Amino acid sequence: QVRLVESGGGLVQAGGSLRLSCAASGNIFTIDHMDWYRQAPGKQRELLAAITSGDSTNYADSVKGRFTIARDNAKNTVYLQMNSLKPEDTAVYYCNARIRSSGYLKYGNYWGQGTQVTVSS
């Protein structure tokens, strides 16, 4: 059993910053890529940032230069540092990770429960 738990969401004024964390726990042998998504009301879930096991990163154009993804492999944790926040960044933010558990040959795809980020103007 693998679990992802996000934290760090909240209410912030436009121009402010937040740091999200997502910790994976349970039967973890190895973690491949870890990603951050968000979903605003009435919109599709959007991939924001991804980081590989080798620390290569990719960003959506909408957050490039403002958001930074990082991971701590010793803690099985991925972070999303969000700066210069805008009202349009308001959404539920989810982490996603591709994880292989001990005793299994295949990777599984896991999601956190989501954390609300609200940016006021």
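This section reports on the structure supplied with the text.

### Some thoughts on the overall build of the chain
Across its full length, the chain holds zero helices and eleven strands. Listing each helix as α and each strand as β along the chain from the N terminus yields β-β-β-β-β-β-β-β-β-β-β. For the chain, whose C-alpha radius of gyration is 14 Å, the value lies close to the compact-globule estimate of 14 Å for 121 residues. If you line up the chain on its principal axes, its C-alpha atoms span 50 × 25 × 25 Å. Accessible area of the chain: about 6,600 Å², with a carbon and sulfur share of 46%. Taking the 13 positively charged and 9 negatively charged side chains of the chain as two groups, their mean positions are separated by 4 Å.

### Some words on the pattern of salt bridges
With the rule as written, the count across this model stands at five salt bridges. Close ionic contact of arginine 38 with glutamate 46 constitutes a salt bridge, the shortest N to O distance being 3.0 Å. Assessed through its relative accessible area of 8%, arginine 38 is described here as buried. When its relative accessible area of 27% is taken as the criterion, glutamate 46 is described as partly exposed.

### Notes on the state of the cysteines
In total, this model carries one disulfide according to the counting rule given. Paired through a disulfide, cysteine 22 and cysteine 95 show a sulfur-sulfur distance of 1.9 Å. Between cysteine 22 and cysteine 95 the sulfur-sulfur dihedral comes to about 50°; the bridge is accordingly right-handed. In this pair, cysteine 22 is assigned in strand β3 (residues 18–26) and cysteine 95 in strand β9 (residues 91–100), connecting sequence segments 73 residues apart. Just as cysteine 22 is buried, cysteine 95 falls in that class too.

Parameters and conventions
Residues numbered from 1 in each chain as written. Predicted model: local features only at pLDDT ≥ 70, side-chain atom pairs only at ≥ 80, totals over all residues. Heavy atoms only, no water. Helix = DSSP H or I, 4+ residues; strand = E, 2+ residues; numbered from the N terminus. Rg over C-alpha atoms; globule rule 2.2 N^0.38 Å. Areas by Shrake-Rupley, 256 points an atom, 1.4 Å probe, with all protein chains shown as cover. Lys, Arg positive; Asp, Glu negative; His and termini not counted. Charge placed at Lys NZ, Arg CZ, Asp CG, Glu CD. Salt bridge = Lys/Arg side-chain N within 4 Å of Asp/Glu carboxyl O. Buried < 20%, exposed > 50% of the residue type's maximum accessible area, 1.4 Å probe, protein only. Disulfide = S-S within 2.5 Å.

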